[in-house]
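Observations on the model geometry
Residues per chain, in single letters:
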Amino acid sequence: MPASRRRSSLTRRFAVVSLVGMAVVGVALVVVASAQMRGQAVRDGTSLAVTVAAYASAATPANAYVTGVLPDDSQAAVSGATAGFGSELVELRLWSADGRLMYSSRDAGTGLPHTERFGRVMDAGEPDAVVQPDVRGDESSRTEEDTVLDVYVPVRLTGTAADGTPLAGEPDQVIGAAEVMLDHTRTQQTLTATVRTVALVVGGSLVVLWLLLYRIVHSTSRRLRTAALENARLAMLDSLTGLPNRRLLTDQMQRAVRDAREDGSRVGLILLDIDRFKDINDTLGHDHGDALLELVAARLRDALRDDDVVARLGGDEFAILLPDVRSVANAERLGRRVRGLFAAPFELGDLALHVDTSIGVACLPDHADDPSSLMRTADIAMYAAKHQRSGVAVYSPDADDSSPARLVLMGELHAALEEHESARAAGDDGTGGDALGVPPVAQLEMHYQPKIELASQRTVGLEALMRWRHPTRGLVGPGTFVPLAEQSGLIHRLTSFALDAAVRQLAQWSAEGTAVPVAVNLSAHDVADPAVVDTIEELLARHRVRPALLEVEITETALVADRSRVVPVLERLGELGVRVAIDDFGTGTTSISQLRDLPVDELKIDRVFVADLGDGGREGSEVVVQAMVDLAHSFGLRVVAEGVEDEGTARTLARLGVDQAQGFLWARPAPPEEVRPPGDTARGDHPSLHPIG
């Protein structure tokens, strides 16, 4: 059902339901008001009847209610006492205690009271009133409004005339009843007219109220319907350029993919990103940036085929959907044609602005099998074009971090960890490993690079660096598999392996008397988890290694990312006796006040700043490094430089006051069996590893 028809149906439903509801309310109001008025009329008539009965009983001797006989003079007295009520009094009857008729103003010789009502009055001593038809006169001339109010009023001993004959009983004892019939016709007519008037007023008021409500609801519904339609349209369009947005593009992609599967055609997607758009915004202002985006949208819209869909995804990213493209090569040619649209400058007022783009191209079914993966592969291709500065790039699995090859590598890393953990368990049980319980690890292993004290040129420590000896790929560096471990959640197991292997090796070197402190890198995931402290403490205790021989390194970025969780972990490590170093210092945003309060012992200057100290480096690099050294020393921290590869850089670092350094100048990372004992040097001017001191 269309939305407009559905909303119209809802409006009609409101009209019917509200009308019925108001009718029910109106009827209820009239019924309640009528009942209240009729009740009040009966109460007023009952009061009058009580008054009539009082006049009549005052002229009646008490013993007459016992004998059931009222003398003629008493009857005349009763008639005279009630004569003043005139035509309003239809009839008066006096009943004795045993229900005999004593008096009737209409001279009825005999009669019987209403048994139930008479009994209730005699027992309860309260009046009993009933509105009933008037039976006087010709039956053919009566109407429904000809009614009388028939009231039974109790007669008490105290209300009768004193005749000198004492009666036994309480003064308030009911000794009989007076039946008073009052003309209720006029009252009934007044009630009928009043109820009719109330009904008309209530009904009219509710009708007016309903009309006002319906008009309000109808107009509001119409405005909401119009606004909803406009919002639905705007929800599918980019507010700045008027192009379809990501949502509409997704709908169009799903439709195009469905059609392509039915007829076996190909769908292409081009993603476009304006290079250095942030610089344009920052330099010229966001208003000029918005104007540029509008010009880009117009240029793309005017240059493409009618079937192609141009959309803005957000920011400076645009997409072009090719619902029917013959080949990947054709899609790539169209991508280069789109890039050619940016050859001419864009006129922003008096400014002619030249901009460039990075374009990614992907096709279905060649690079993806659904709209979501098509968008992802085109995005990967676009960033490959930006990274390679090639302008246009077609999707390639080699540039895809989530490609099947990387998933296979992740599975192999998981298997390597399983192998290590099984071997470690066997070594701990005494069923495998060497005399020190070091298990034979087939793939994962730790290499060690010396840290040199620049003043004495002696080895004062080692950094443990993980390597993966892959069965087919050879020796794989951490830059390849550590990001995989962080993405897949294996990083904690990798860290556990590194700590276990390093502490075991420290135990072996300690037994040989050649131990120096060994530093192990902790990822951002590990250093925010207090469990890593428990792991380190358990390993040191199990292998009887002094805590001072173990150091941990964390990156400055990890420290800044979640300082509230990292600092307590570092404090616990310090209490344990494990030293802490900040790795890659200078690449993060640590403030001086934070550095002063951190529980760390060492700063490692990032290799980027060290490389700038060599020939051809940036001017002023020495000033930057000197500032880092002075700042660290002022806080009592040791300074280490990494990535030293030549003598000149080493001498500069020593002159600037750097305490220690490491790099290829002295040695490459090597397995533990190749780390030379004290005093042993390799051939050449420089030892491959300075003596362990």
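Residues numbered from 1 in each chain as written. Predicted model: local features only at pLDDT ≥ 70, side-chain atom pairs only at ≥ 80, totals over all residues. Heavy atoms only, no water.

1. Brief notes about the side chain of Ser18
Structurally, the position occupied by Ser18 is in helix 1 (residues 3-58). There is a polar contact of 3.1 Å between the side chain of Ser18 and the backbone oxygen of Ala15. Of note is the side chain of Ser18, whose polar atom sits 2.7 Å from the side chain of Trp210. (Helix = DSSP H or I, 4+ residues; strand = E, 2+ residues; numbered from the N terminus. Polar contact = N/O pair within 3.5 Å; in protein donor to acceptor, adjacent residues only side chain to side chain.)

2. Notes on the packing of aromatic side chains
Evaluation of the coordinates by the stated rule reveals five aromatic pairs. For the pair Trp210 and Tyr214, a centre-to-centre distance of 5.4 Å together with 15° between the ring planes defines the contact as stacked. Separated by four residues within a single helix, Trp210 and Tyr214 lie in helix 5 (residues 185-235), roughly one turn from each other. Accessibility expressed as a relative area gives 15% for Trp210, which makes it buried. For the cation-ring pair, Arg299 lies above Phe346, with the distance from its terminal atom to the ring centre recorded as 3.7 Å. Directly above the ring of Phe664 sits Arg668, whose terminal nitrogen or CZ lies 4.0 Å from the centroid. (Phe/Tyr/Trp six-rings, centres within 6.5 Å; stacked < 30°, edge-to-face > 60°. Buried < 20%, exposed > 50% of the residue type's maximum accessible area, 1.4 Å probe, protein only. Lys NZ or Arg CZ within 6 Å of the ring centre and 35° of its normal.)

3. Looking at the layout of surface pockets
Of the pockets and cavities examined, the largest pocket occupies roughly 860 Å³. Lining the largest pocket are 38 residues, with Glu463, Leu465, Pro478, Asn521 and Asp583 positioned closest to its centre. Secondary structure elements with two or more residues in the lining of the largest pocket: strand 13 (444-453), strand 14 (458-470), helix 12 (478-488), helix 13 (491-512), strand 16 (518-521), strand 17 (550-555), helix 16 (556-561) and strand 18 (579-585). For the lining of the largest pocket, the residue count by class is 18 nonpolar, ten polar and ten charged. (1 Å grid on protein atoms, 1.4 Å probe; cavity = no way out; pocket = protein on both sides within 12 Å on 5 of 7 lines; lining within 4 Å. Points joined across faces, edges and corners; volume = space filled by probe spheres on them. Nonpolar A, V, L, I, M, F, W, Y, C, P; charged D, E, K, R; others polar.)

4. Topic: the pairing of strand 6 (residues 267-274)
Of all eight residues in strand 6, eight are buried; the element is thus mostly enclosed. Side chains Val267, Leu269, Leu271 and Asp273 project from strand 6 onto one buried face, and the interleaved Gly268, Ile270, Leu272 and Ile274 project onto a second face that is buried too. In terms of strand pairing, strand 6 meets strand 11 (residues 357-364) through eight bridges, oriented antiparallel. Bridging from a neighbouring strand, Gly268 pairs with Cys363 of strand 11. By the bridge criterion, six bridges tie strand 6 to strand 8 (residues 317-322) in an arrangement that is antiparallel. Bridging from a neighbouring strand, Asp273 pairs with Glu317 of strand 8. (Pairing = 2+ DSSP bridges.)

5. Structural notes on a nonpolar patch on the surface
A surface patch of nonpolar side chains, amounting to about 270 Å² of accessible area, comprises Val16, Val20 and Val24. Turning to its location among the elements, Val20 is positioned in helix 1. (Patch = residues over 30% accessible without salt bridge, like charges linked within 9 Å, V, L, I, M, F, W, Y side chains within 5 Å. Areas by Shrake-Rupley, 256 points an atom, 1.4 Å probe, with all protein chains shown as cover. Salt bridge = Lys/Arg side-chain N within 4 Å of Asp/Glu carboxyl O.)

6. A few points about the sheet that holds strand 4 (residues 147-156)
Ordered by their spatial adjacency, five strands build an open sheet running 2-1-5-4-3, and the pairing between neighbours is antiparallel. Edge positions in the sheet fall to strand 2 (101-104) and strand 3 (128-133), since each has one partner strand and no second. Put simply, the sheet's adjacent strands are angled 20° from each other on average, direction ignored. Inspection of the sheet shows strand 1 (residues 89-95) paired to strand 5 (residues 174-183) by six bridges, in the antiparallel sense. Bridging from a neighbouring strand, Leu89 pairs with Leu182 of strand 5. (Axes fitted to C-alpha atoms, helices over the stretch in contact; angles between N-to-C directions.)

7. Points about the packing of helix 7 (residues 277-284) against helix 8 (residues 286-303)
Relative orientation and spacing of two packed helices are given, respectively, by the angle between their axes and the distance between those axes. With their axes 6 Å apart at the nearest point, helix 7 and helix 8 run at an angle of 135° to one another. One element, helix 7, and the other, helix 8, form an angle in the oblique class. Where helix 7 approaches helix 8, its residues Phe277, Ile280, Asn281 and Leu284 are matched on the opposing element by His286, Asp287, His288, Gly289, Leu292 and Leu293. Along the lines of polarity and charge, the residues of the contact of helix 7 with helix 8 split into five nonpolar, four polar and one charged. (Parallel < 35°, antiparallel > 145°, perpendicular 65-115°, else oblique. Contact = heavy atoms within 4.5 Å.)

8. Examining helix 8
Spanning 18 residues, helix 8 covers 26 Å between terminal C-alpha atoms, matching the ideal 26 Å at 1.5 Å per step. When we look at burial in helix 8, the residues that qualify are Gly289, Leu292, Leu293, Val296, Ala297 and Leu300. One face of helix 8 carries all of its buried residues, which in axial projection span an arc of 140°. Every exposed residue of helix 8 that faces more than 90 degrees away from the buried side is listed here: Asp287 and Asp302. (Expected span 1.5 Å × (residues − 1). Arc of directions from axis to C-beta.)

9. Brief notes about helix 3 (residues 72-82)
Along helix 3, the residues classified as buried are Ser74, Val78 and Thr82. The arc enclosing the buried residues of helix 3, seen along the axis, measures out at 60°, which places them on a common side. Of the exposed residues in helix 3, the ones pointing more than 90 degrees away from its buried face are Asp72, Asp73 and Gly80.

10. What about the pairing of strand 7 (residues 309-314)?
Burial of strand 7 is extensive: five of the six residues sit out of reach of the surface. Where strand 7 lies against strand 8, five bridges are found, and the strand directions are antiparallel. Across the sheet, Arg312 pairs through a bridge with Phe318, a residue of strand 8. The antiparallel pairing of strand 7 with strand 8 creates a hairpin that spans two residues between the two strands, and Gly315 there sits at a positive phi of about 60°.

11. Observations concerning the confidence of the model for the protein chain
Put simply, the protein chain has an average pLDDT of 84, and 87% of its residues get 70 or more. Every residue in residues 435-439 is under pLDDT 50, and counting partners more than four places away or in other chains gives nine contacts. (pLDDT = per-residue confidence, 0-100.)

12. Focus on the nonpolar core
Formed by 80 residues in total, the largest nonpolar core has its most connected members in Tyr448, Leu494, Ile536, Leu570, Leu573, Val644 and Leu653. Broken down by element, this core gets its largest block of residues, eleven residues, from helix 13. (Core = buried A, V, L, I, M, F, W, Y, C linked by side-chain atoms within 4.5 Å.)

13. Points about the pattern of salt bridges
Scanning all chains against the criterion turns up 28 salt bridges. With a shortest N-O distance of 3.1 Å, Asp238 and Arg312 are connected by a salt bridge. Of this pair, Asp238 sits in the loop between helix 5 and helix 6 (246-263) while Arg312 sits in strand 7; the two residues are 74 residues apart in sequence, bridging distant segments of the chain. With a shortest N-O distance of 2.8 Å, Asp282 and Lys278 are connected by a salt bridge. Of this pair, Asp282 and Lys278 both sit in helix 7, four residues apart, which is roughly one turn of the helix. For the pair Asp282 and Lys278, a shared accessibility class is recorded, and that class is exposed.

14. Topic: a negative patch on the surface
Residues Asp259, Glu262, Asp263, Asp306, Asp307 and Asp324 make up a contiguous surface patch of negative charge. Of note, Asp263 is situated in helix 6. Take Asp263: its relative accessible area is 54%, and that puts it in the exposed class. (Lys, Arg positive; Asp, Glu negative; His and termini not counted. Charge placed at Lys NZ, Arg CZ, Asp CG, Glu CD.)

15. As for the sheet that holds strand 8
Pairing within the open sheet is mixed, and its five strands lie in the order 7-8-6-11-12. The open sheet has two free edges, formed respectively by strand 7 and strand 12 (392-394), since each of these has just one partner strand. On average, each strand axis in the sheet is tilted by 20° relative to the strand beside it, whichever way the strands run. Contacts from helix 6 reach strand 6, strand 7, strand 8 and strand 11, with the element oriented near 135° to strand 7. Sheet strands touched by helix 10 (residues 371-388): strand 6, strand 7, strand 8, strand 11 and strand 12. Its angle to strand 11, the strand with the most contacts, is close to 145°.

16. Description of the packing of helix 15 (residues 531-543) against helix 17 (residues 563-576)
Look at helix 15 against helix 17: their axes get within 10 Å of each other, and the N-to-C directions meet at 20°. Of the possible angle classes, the one that applies to helix 15 and helix 17 is roughly parallel. In the crossing of helix 15 with helix 17, the sense of the turn from one axis to the other is right-handed. Contacts between helix 15 and helix 17 pair Val532, Val533, Asp534, Ile536, Glu537 and Leu540 from the former with Val569, Arg572, Leu573 and Leu576 from the latter. Broken down by class, the residue content of the contact of helix 15 with helix 17 amounts to seven nonpolar, no polar and three charged. (Left-handed = near helix turned anticlockwise from the far one by under 90°.)

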